[in-house]
Amino acid sequence: MRRVRAELALLWRDARVRWIGGMLVLLLMVTGLGAWQSARDYGAEVARVTAAERARWLGQDAKNPHSADHYGLWVFRPSSPLAILDPGTEPYTGRMVRIEAHLFNDAVYRAVQDAGPFDRAGLSDVSDVVGLVVPLVALLLGFAAFAADRERGTLRLALGNGAPPIPLFAARFTALTLVLAVLVCLPLLTLGGVAIASLGTAGWQAWPRLLVWVAVQALYGAVFLLIAMIASLLARTARGALTISLAVWIALCLVAPRLATAGMEMVSPAPSYRETRLRIDGDLRPHKSAEASDARAQATLARYGVSDPQELPVDLRGLMMVENDHHAFAVYDRELGAFFAALAARDAAFGWAGLLSPRVALQRVSEGLAGTDFAQHAHFVWSAEAYRRAISERMNAEIRDNPQRDGRAMLAGPELWRAIPPFAFAPLPLSRSLAEIRVPALLLGLWLALLGAGSIPLIRRLAP
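Residues numbered from 1 in each chain as written. Predicted model: local features only at pLDDT ≥ 70, side-chain atom pairs only at ≥ 80, totals over all residues. Heavy atoms only, no water.

Chemist: How should the overall build of the chain be read in this particular structure?
Modeler: Scanning the chain from N- to C-terminus turns up 17 helices and 2 strands. Relative to the globule expectation of 23 Å for 464 residues, the C-alpha radius of gyration of the chain, 30 Å, shows a markedly less compact shape. Reported as C-alpha extents along the three principal axes, the dimensions of the chain are approximately 105 × 40 × 35 Å. Sorting the 464 residues of the chain into buried and exposed places 48% on the buried side. When contacts within the chain are restricted to residue pairs at least 6 apart in sequence, long-range pairs at least 24 apart make up 82% of them. (Helix = DSSP H or I, 4+ residues; strand = E, 2+ residues; numbered from the N terminus. Rg over C-alpha atoms; globule rule 2.2 N^0.38 Å. Buried < 20%, exposed > 50% of the residue type's maximum accessible area, 1.4 Å probe, protein only. Contact = heavy atoms within 4.5 Å.)

Structure follows, in structure tokens:
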């Protein structure tokens with residue numbers, strides 16, 4: 001512990017550390033506070049439009065329940081409070097869905113469509129800064145750990161005075177890790193705390209997610225700090241250690257993620273959404289034809305043992321709507337369910353690409369913990385669809401169970417509209433997110449373990 005305190009004192013007196021740390025903290029805070037302001041504006045707009053949509057639904061005129069089903073309304077995906085740290089897939093997937101009869105609509109409004117030049121520059125959010133800049137800061141802090149002492153001759157003095165190499169390395173690594181943890185974790189905890197205190201957090205388990213998320217970012221920084229110190233053990237000069245460190249940074253943070261993405265496209269291309277929609281249309285169109293509808297109507301009359309729809313105990317039109325919707329539900333479940341399952345399997349397979357780079361592993365872990373991964377998006381899409389089906393079932397049941405005789409039109413009013421509750425989205429729990437990211441999380445830990453094990457022979461052979 002005394003040796004660690006001595007190393008910390010040396011680092012505190014190093015102006016280079018203060019400048020690098022100050023710039024990193026400033027970059028994290030500016031980026032994070034900008035994302036927080038955007039999240040606040042989006043949350044306020046969603047609350048306003050959601051209230052307006054609810055008022056529009058409740059205020060509609062008296063009409064046939066099926067017409068009300070077509071009247072429709074918009075529902076919105078509530079953003080995770082930790083999206084200010086890692087937006088994940090949120091900018092690229094829709095945030096709102098129109099709920100209406102018969103149609104499983106796509107989610108629309110992708111935030112990336114409104115992205116400015118800075119957003120396209122690659123450092124538009126905190127996770128970008130952590131993924132790219134924090135490794136660079138770790139390398140700049142650690143590359144001179146032994147190489148500079150070797151150049152100055154102080155390493156010879158330290159080893160000559162009987163300083164064991166392994167405790168010496170452990171003390172310096174611990175001190176540098178503590179400094180890096182302070183520079184990274186405190187701003188991230190501050191930003192996350194501000195988001196949790198000011199944004200909607202219902203159901204998100206925000207504090208546990210934040211604490212685990214920050215711990216993972218610290219682990220990621222420690223991986224690159226260890227890489228820098230290994231380079232310092234290998235190189236004869238500080239310049240050589242810096243060259244090795246920067247080459248590794250380029251390979252792991254810039255080249256490997258692109259190779260992983262290109263490799264995934266070759267090995268497991270994404271399923272075609274257009275072909276999925278074509279199969280759905282091909283299945284639904286024949287079922288909705290006049291001939292098919294007449295055949296089902298006759299079969300329904302035969303099933304009840306009557307020849308005139310007026311003799312049915314239920315409304316034939318409402319009953320046909322129920323059956324048509326159930327057929328459509330089954331088609332959507334089969335085709336879109338297979339499509340989303342294929343994307344989820346592809347996402348899981350991409351987690352193994354963390355073997356190529358700790359940054360690839362971090363990306364999957366980070367968005368999963370932040371609650372902004374594809375699994376959360378798929379959960380929102382299916383939650384919106386479940387809400388749509390509940391409305392259709394209620395409207396159709398109102399027609400089916402209240403048959404209108406002698407050509408009278410059925411009208412419903414505010415009492416039925418109020419029977420439909422507002423859309424409520426319950427995010428996937430943290431336990432589900434942890435299960436989704438277990439492979440890349442283990443790979444990130446494996447990177448640290450292998451680097452630590454690989455450094456031991458180099459430390460034992462440490463020479464001035």
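So that's the structure; there's more coming.
Chemist: How should the side chain of T300 be read in this particular structure?
Modeler: Considering the arrangement of structural elements, one finds T300 in helix 11 (residues 290-304). With relative accessibility at 1%, the residue T300 sits in the buried group. Here the side chain of T300 touches R296 through a polar contact of 2.8 Å, landing on its backbone oxygen. (Polar contact = N/O pair within 3.5 Å; in protein donor to acceptor, adjacent residues only side chain to side chain.)

Chemist: Whenever I open this one, the packing of aromatic side chains confuses me. Can you help?
Modeler: Working definition: an aromatic ring pair is given by the centre-to-centre distance plus the angle between the planes. For the coordinates displayed, the defined rule picks out 12 aromatic pairs. The interplanar angle of 80 degrees and the centroid separation of 5.8 Å between the aromatic rings of F380 and F425 together place this pair among those described as edge-to-face. Of this pair, F380 sits in helix 14 (residues 374-400) while F425 sits in the loop between helix 15 (414-418) and helix 16 (430-436), and the two are 45 residues apart along the sequence. Accessibility expressed as a relative area gives 0% for F380, which makes it buried. A cation over an aromatic ring shows up here: K63 above the ring of Y71, its NZ or CZ 4.7 Å from the ring centre. (Phe/Tyr/Trp six-rings, centres within 6.5 Å; stacked < 30°, edge-to-face > 60°. Lys NZ or Arg CZ within 6 Å of the ring centre and 35° of its normal.)

Chemist: Can you help me understand the pattern of salt bridges in this one?
Modeler: Oppositely charged side chains are able to pair whenever their charged atoms sit close together. Scanning the entire structure with this criterion turns up 17 salt bridges. Note that R279 and E335 form a salt bridge whose closest N and O atoms lie 2.9 Å from each other. Pair noted here: R279 is in helix 10 (residues 273-287) and E335 is in helix 12 (residues 316-351), with a separation of 56 residues, a long-range link. Note on R279: relative accessible area 43%, which makes it partly exposed. By relative accessible area, E335 is classed as buried at 12%. A single network of salt bridges, built from pairs that share partners, joins R279, D283, R334 and E335. (Salt bridge = Lys/Arg side-chain N within 4 Å of Asp/Glu carboxyl O.)

Chemist: Would you mind showing me how to read the layout of surface pockets here?
Modeler: Empty space among the atoms becomes visible once a probe the size of a water molecule is rolled across them. Taken as a whole, the second largest pocket spans an internal volume of roughly 600 Å³. Lining the second largest pocket we find 30 residues, and of these V46, F76, R77, P78 and S79 sit closest to its centre. For the lining of the second largest pocket, the secondary-structure elements that each account for two or more residues are helix 2 (15-58) and strand 1 (73-76). A per-element tally of the lining of the second largest pocket places helix 2 first, with 10 residues. Taken together, the residues that form the lining of the second largest pocket break down as 19 nonpolar, 7 polar and 4 charged. (1 Å grid on protein atoms, 1.4 Å probe; cavity = no way out; pocket = protein on both sides within 12 Å on 5 of 7 lines; lining within 4 Å. Points joined across faces, edges and corners; volume = space filled by probe spheres on them. Nonpolar A, V, L, I, M, F, W, Y, C, P; charged D, E, K, R; others polar.)

Chemist: What's the story with unusual backbone geometry in this structure? I'm lost.
Modeler: Comment: phi is negative for the bulk of residues other than glycine, and the bulk of peptide bonds are trans. Positive phi outside glycine occurs at H102, with the angle close to 75 degrees. Take H102: it is sitting in the loop between strand 2 (96-99) and helix 4 (126-142). Of note in the backbone geometry, Q205 takes a positive phi value of approximately 50 degrees without being a glycine.

Chemist: Quick question: what am I supposed to make of helix 4 here?
Modeler: An α-helix turns once every 3.6 residues. As a result, residues three or four positions apart point the same way. End to end, helix 4 covers 23 Å across 17 residues, agreeing with the expected 24 Å (1.5 Å per residue, within 8%). At V133, helix 4 shows its maximal bend, which comes to roughly 35 degrees, and the proline P135 appears one to four places after that position. Counted residue by residue, helix 4 has 15 buried out of 17 residues, so it is predominantly covered. (Expected span 1.5 Å × (residues − 1). Bend = angle between axes of the 7 residues up to and from the residue.)

Chemist: So what exactly am I meant to see when it comes to the nonpolar core here?
Modeler: Here is a general trend for soluble globular proteins: nonpolar side chains tend to be buried in one another's company. Grouped together as the largest cluster of nonpolar side chains are 69 residues, with contacts concentrated most on L24, L85, L188 and F224. Mapped onto this core, the elements with two or more residues apiece are helix 2, helix 4, helix 7 (165-198), helix 8 (206-234), helix 9 (238-267), helix 13 (358-370) and helix 17 (438-460). By residue number, the principal contributor to this core is helix 8, which donates 16 residues. In contact with L85, other than residues within four places in its own chain, are D125, V126, S127, L188, L191, G192, L210 and W213. The next biggest cluster of nonpolar side chains, apart from the first, holds 32 residues, and it includes F104, A378, Y387 and A412. (Core = buried A, V, L, I, M, F, W, Y, C linked by side-chain atoms within 4.5 Å.)

Chemist: Mind showing me how you'd approach helix 7 here?
Modeler: The end-to-end C-alpha distance of helix 7, which contains 34 residues, comes to 49 Å, matching closely the 50 Å that a straight helix rising 1.5 Å per residue would cover. Of all the bends found along helix 7, the most pronounced is centred on A181 and spans about 25 degrees.

Chemist: Quick question: what am I supposed to make of the side chain of S232 here?
Modeler: Along the chain, S232 turns up in helix 8. The buried category is assigned to S232, whose relative accessible area is 0%. Not counting chain neighbours up to four residues away, the residues in contact with S232 comprise G142, F143, A144, A145, F146, A147, R150 and A241.

Chemist: Would you take a moment to explain empty space enclosed by the protein for this structure?
Modeler: Counting across every chain of the model gives 1 cavity of 30 Å³ or more. Volume-wise, the largest cavity comes out at about 30 Å³. Counting residues per element, the ones that place at least two in the lining of the largest cavity are strand 2 and helix 14. Along the lines of polarity and charge, the residues of the lining of the largest cavity split into 6 nonpolar, 1 polar and 3 charged.

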